[in-house]
Amino acid sequence: QVQLVESGGGLVQAGGSLRLSCAASGRTFSNYAMGWFRQAPGKEREFVAAINWSGLYTYYADSVKGRFTISRDNAKNTVYLQMNSLKPEDTAVYYCAQGTKSVVATTSSSYAYWGQGTQVTVSS
């Protein structure tokens with residue numbers, strides 16, 4: 001049984017930083033790509049960032065490129081999302097997801113398992 005547990009969300013002022021973590025269990029973590037998605041109130045869930053199985057390849061949505069960094073520690077079965085220069089429009093529930101394959105993907109259908117989400121609120 002796969003479990004993904006996010007942590008690190010909270011309230012921060014615009015321009016601040018947060019680091020999200022997602023601890024995975026239930027299957028061999030290093031075999032699969034990982035991703036972060038977010039959903040703001042009244043909007044559809046959107047892709048934020050993804051990382052391949054080894055951590056060598058990453059991909060970002062244009063809206064967060066240069067501000068967010070995804071990384072993973074396969075020894076700890078954990079994926080991270082470092083968020084810098086946060087903006088009010090980054091406010092959303094952030095979800096981590098585990099892919100069906102080892103390569104990066106940007107669509108929700110490419111991810112088999114999802115965490116429960118963690119709230120990030122950026123005040124202006």
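Everything numeric here is computed off the predicted structure, so don't read it as measured data.

(A) Layout of the overall build of the protein chain. In terms of regular secondary structure, the protein chain is built from 0 helices and 11 strands. Along the protein chain, helices and strands appear, N-terminal first, in the series β-β-β-β-β-β-β-β-β-β-β. For a compact globule of 124 residues, the expected C-alpha radius of gyration is about 14 Å, and the protein chain comes in at 13 Å, within 12% of that figure. Residues counted as buried form 44% of the 124 residues belonging to the protein chain. Taking the intrachain contacts of the protein chain between residues at least 6 apart in sequence as the baseline, contacts between residues at least 24 apart amount to 59%. Of the roughly 6300 Å² that the protein chain leaves accessible, carbon and sulfur atoms contribute 48%.

(B) Representation of the side chain of serine 21 in the model. Looking at where serine 21 falls in the secondary structure, it is placed in strand β3 (residues 18-25). If sequence neighbours within four positions are ignored, serine 21 has contacts with Val5, Glu6, Ser7, Trp36, Thr78, Val79 and Tyr80.

(C) Quick look at the pairing of strand β8 (residues 78-83). Most of β8 is tucked away, with 5 of its 6 residues classed as buried. Taken together, the 6 bridges between β3 and β8 define a ladder with antiparallel strand orientation. Across the sheet, residue leucine 18 finds its bridge partner in β8, namely methionine 83. One ladder, built from 6 bridges, connects strand β7 (residues 68-73) with β8; its direction is antiparallel.

(D) Spotlight on the state of the cysteines. Inspection of the entire model under this criterion finds 1 disulfide. Between the sulfur of cysteine 22 and that of cysteine 96 lies a disulfide, 1.9 Å long from S to S. In this pair, cysteine 22 sits in strand β3 while cysteine 96 sits in strand β9 (residues 92-99), placing the two residues 74 residues apart along the sequence.

(E) Up close: the sheet that holds β3. Reading across the sheet, the 4 strands line up as β1-β3-β8-β7 and stay open at both edges, with antiparallel pairing between neighbours. Edge positions in the open sheet fall to β1 (3-7) and β7, since each of these has one partner strand only. Each strand axis lies, on average, 15° off the axis of its neighbour in the sheet, ignoring direction.

(F) Spotlight on the pattern of salt bridges. All told, the structure shown has 4 salt bridges when counted by the stated rule. Arginine 38 serves as the salt-bridge partner of glutamate 46, at 2.6 Å between the closest nitrogen and oxygen. Note on arginine 38: relative accessible area 5%, which makes it buried. A salt bridge links arginine 67 to aspartate 90, with the nearest nitrogen and oxygen atoms 2.7 Å apart. Of this pair, arginine 67 sits in the loop between β6 (58-60) and β7 while aspartate 90 sits in the loop between β8 and β9; the two residues are 23 residues apart in sequence, bridging distant segments of the chain. Note on aspartate 90: relative accessible area 0%, which makes it buried. Salt bridges sharing partners connect three or more residues here, namely Arg38, Glu46, Arg67 and Asp90.

The rules we used
- Chains are numbered independently. Their residues run from 1 in the order of the written sequence.
- For a predicted model such as this one, the threshold for reporting local features is a pLDDT of at least 70, and the threshold for listing and counting side-chain atom pairs is 80 or more; totals across whole chains, interfaces and linings nevertheless cover every residue.
- As a rule here, side-chain values cover all heavy atoms of the structure and leave hydrogens and water aside.
- We count a stretch as a helix when DSSP gives it H or I for four or more residues in a row; a strand needs E for two or more, and each element gets its number in order from the N terminus.
- Values of the radius of gyration come from C-alpha atoms, whereas the globule rule sets the reference at 2.2 Å times the count of residues to the power 0.38.
- When a residue's accessible area, from a 1.4 Å probe over protein chains only, is under 20% of the maximum for its type it is buried; when over 50% it is exposed; and in between it is partly exposed.
- Pairs of residues are marked as contacts when any of their non-hydrogen atoms sit within 4.5 Å.
- With residues, only the protein chains shown are counted as cover, and all accessible areas are computed by Shrake-Rupley using a 1.4 Å probe.
- By this definition, two strands are paired if DSSP reports at least two bridges between them.
- Our working definition of a disulfide is a cysteine sulfur pair at a distance within 2.5 Å.
- Helix axes use the C-alpha atoms of the stretch in contact, all axes being lines fitted to C-alpha atoms, and the angles between their N-to-C directions lie in the range 0 to 180 degrees.
- Criterion for a salt bridge: a side-chain nitrogen of Lys or Arg within 4 Å of a carboxyl oxygen of Asp or Glu.

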